[in-house]
Amino acid sequence: MAITAGMVKELREMTGAGMMDCKKALTATEGDMDKAIEWLREKGLATAQKKAGRIAAEGIAKVLVSEDGKKAVAVEVNAETDFVAKNEKFQGYVAQVAEQAMETSAADVEAFLAEPWKFDTTKTVNEALAAQIAVIGENMNIRRFVQVTEENGFVASYTHMGGKIGVLVDVETDVVNDDIKEMAKNVAMQVAALKPLYTSDKEVSEDYIAHEKEILLAQIKNDPKESQKPEKVIQGMIQGRIKKELKEICLLDQVYVKAEDGKQSVGQYVAQVAKANGANITIKGFVRYETGEGIEKKQEDFAAEVAKQMGM
């Protein structure tokens, strides 16, 4: 039987399930609407979709590194509450998602969700997620993942606050020993704590610099005292402030948080460890996932909710 768009739309309206899931259900049941509803319920998809309106902004940023240290993955899986994020069942599920992400060839989350779930290949990753939502009772979301591979060195990792922040650091080095591994861990902790945007100033685009200069110039022009200064002085002030800003947002230019003199940069610290170990070391990049960053959390007015429930 041919599955029409109208049938898919009708099933979606009846169950709240996703379009693709409705199409799969109708195909699997040869267009039988009642059986399709049961199919969705059995797979937990109808239940999952009813929870999809809830904002999932808590969760875990999980990092996983291969035994040889050459490959690593970071994933973020969200749930609605911190309570569930600390639940062993949820944590176990996130660990499985990380294992799947370590092996995937998917280029994005959409393709990742569509592939077979390695722990039960009769389901897709999305269907396994829906089943977890049905069991745990909260909306959940596999938000993002990224793989990092370094054949000429290793990938260091760090997890902060039980998964609130997950960090990977790509370290190219011709020597791998405990000193260099400790250095890499310290750099990963730096990334977690100081939230750099770039590895070095070489990554910063000319557009970003130009935009920042415009903002700084506007700030100066709006200051009665500073706006009176000669143009040459103003340009010097802008350059100085740009340089200061780059030191704050570029990892290797940041002041190393453990520096004894409070002045040594991360780049200088890496160079110091490289020299002491006769190694050539390059910090090629990093990944920093912070759970829920960029997600607008819904603020519940408890008193208003109670009043609503009581019909007040």
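Residues numbered from 1 in each chain as written. Predicted model: local features only at pLDDT ≥ 70, side-chain atom pairs only at ≥ 80, totals over all residues. Heavy atoms only, no water.

Engineer: Give a detailed account of the overall build of the chain, specifying residues and quantitative values.
Structural biologist: Broken down by element type, the chain carries 13 helices and eight strands. For 312 residues, the compact-globule estimate of 2.2 N^0.38 gives 20 Å, and the C-alpha radius of gyration of the chain, at 25 Å, exceeds that figure by more than 25%. Dimensions of the chain, computed from the C-alpha atoms along their principal axes, are close to 75 × 55 × 40 Å. Considering only intrachain contacts with a sequence separation of at least 6, the fraction spanning at least 24 residues in the chain is 62%. Within the structure as shown, the chain displays about 17,600 Å² of accessible surface, and the carbon and sulfur contribution to it stands at 50%. The averaged location of the 51 negative side-chain charges in the chain is 3 Å from the averaged location of its 41 positive side-chain charges. (Helix = DSSP H or I, 4+ residues; strand = E, 2+ residues; numbered from the N terminus. Rg over C-alpha atoms; globule rule 2.2 N^0.38 Å. Contact = heavy atoms within 4.5 Å. Areas by Shrake-Rupley, 256 points an atom, 1.4 Å probe, with all protein chains shown as cover. Lys, Arg positive; Asp, Glu negative; His and termini not counted. Charge placed at Lys NZ, Arg CZ, Asp CG, Glu CD.)

Engineer: Hey, could you go over the packing of aromatic side chains for me, with residue numbers and the actual values?
Structural biologist: The description of an aromatic ring pair uses the distance of the two centres, along with the angle that the planes make with each other. The full count for this structure, using the stated rule, is five aromatic pairs. Connected via pairs of aromatic rings, a cluster forms that spans Tyr-93, Trp-117 and Phe-119. Above the ring of Tyr-289, the side-chain terminus of Arg-144 is found at 4.0 Å from the ring centroid. (Phe/Tyr/Trp six-rings, centres within 6.5 Å; stacked < 30°, edge-to-face > 60°. Lys NZ or Arg CZ within 6 Å of the ring centre and 35° of its normal.)

Engineer: Please provide a residue-by-residue account of the sheet that holds strand S2 (residues 71-79), values included.
Structural biologist: The strand order S1-S2-S5 describes an open sheet built from three strands, whose pairing is antiparallel. Looking at which strands have only one partner, the edges of the open sheet turn out to be strand S1 (58-65) and strand S5 (141-149). Averaged over all neighbouring strand pairs, the angle between strand axes comes to 10 degrees, with direction disregarded. Where S1 lies against S2, eight bridges are found, and the strand directions are antiparallel. Counterpart to Ile-60 in the pairing with S2 is Val-77. Helix H6 (residues 88-103) contacts S1, S2 and S5 of the sheet and is inclined by roughly 140 degrees relative to S2. (Pairing = 2+ DSSP bridges. Axes fitted to C-alpha atoms, helices over the stretch in contact; angles between N-to-C directions.)

Engineer: Let's hear about the pairing of strand S6 (residues 153-160): which residues, and what values?
Structural biologist: As defined by bridge partners, S6 adjoins strand S7 (residues 165-173) across eight bridges and the pair is classed as antiparallel. Considered in S7, the bridge of His-160 is made with Ile-165. Hairpin connection, S6 to S7: the antiparallel pair is bridged by four residues, and Met-161 has positive phi, about 55 degrees.

Engineer: Which residues make up the packing of helix H1 (residues 5-15) against helix H2 (residues 19-28), and what values do they have?
Structural biologist: Direction vectors running N to C along H1 and H2 enclose 110 degrees, while the axes themselves pass 9 Å from each other. Considering their axes alone, H1 and H2 lie roughly perpendicular with respect to each other. Both H1 and H2 take part in a crossing whose hand is right-handed. Residues Met-7, Val-8, Leu-11, Arg-12 and Thr-15 of H1 lie in contact with H2, whose contacting residues are Met-19, Cys-22, Lys-23, Ala-25 and Leu-26. (Parallel < 35°, antiparallel > 145°, perpendicular 65-115°, else oblique. Left-handed = near helix turned anticlockwise from the far one by under 90°.)

Engineer: Quick rundown of the sheet that holds S7? Include the residues and the values.
Structural biologist: Sheet strands pair via backbone hydrogen bonds, and the direction of the pair is either parallel or antiparallel. Here we have three strands laid out as an open sheet, ordered S6-S7-S8, and antiparallel in their pairing. The open sheet is flanked by S6 and strand S8 (281-290), the only strands paired with a single partner. Taken pair by pair, the neighbouring strands of this sheet meet at an average axis angle of 15 degrees, ignoring direction.

Engineer: Can you tell me about the confidence of the model for the chain, naming the residues and giving the values?
Structural biologist: Mean pLDDT over the chain: 89, with 91% of residues reaching 70 or higher. Below a pLDDT of 50 lies the segment residues 299-303, which in the model reaches zero contacts outside its immediate sequence neighbourhood of four places, other chains included. (pLDDT = per-residue confidence, 0-100.)

Engineer: Please provide a residue-by-residue account of the nonpolar core, values included.
Structural biologist: Judged by nonpolar contacts, the single largest core of 27 residues is most densely connected at Val-75, Phe-90, Tyr-93, Val-97, Phe-112, Met-140 and Ile-142. Breaking this core down by element, the ones donating at least two residues are S2, helix H5 (82-85), H6, helix H7 (109-114), helix H8 (125-136) and S5. Residue contributions to this core peak at seven residues, all from H6. Apart from the residues within four sequence positions on either side, Ile-142 is in contact with Glu-76, Val-77, Tyr-93, Val-97, Val-109, Phe-112, Leu-113, Val-125 and Leu-129. Ranked by size, the runner-up nonpolar core spans 26 residues in total, among them Ala-156, Val-191, Ala-192 and Tyr-256. (Core = buried A, V, L, I, M, F, W, Y, C linked by side-chain atoms within 4.5 Å. Buried < 20%, exposed > 50% of the residue type's maximum accessible area, 1.4 Å probe, protein only.)

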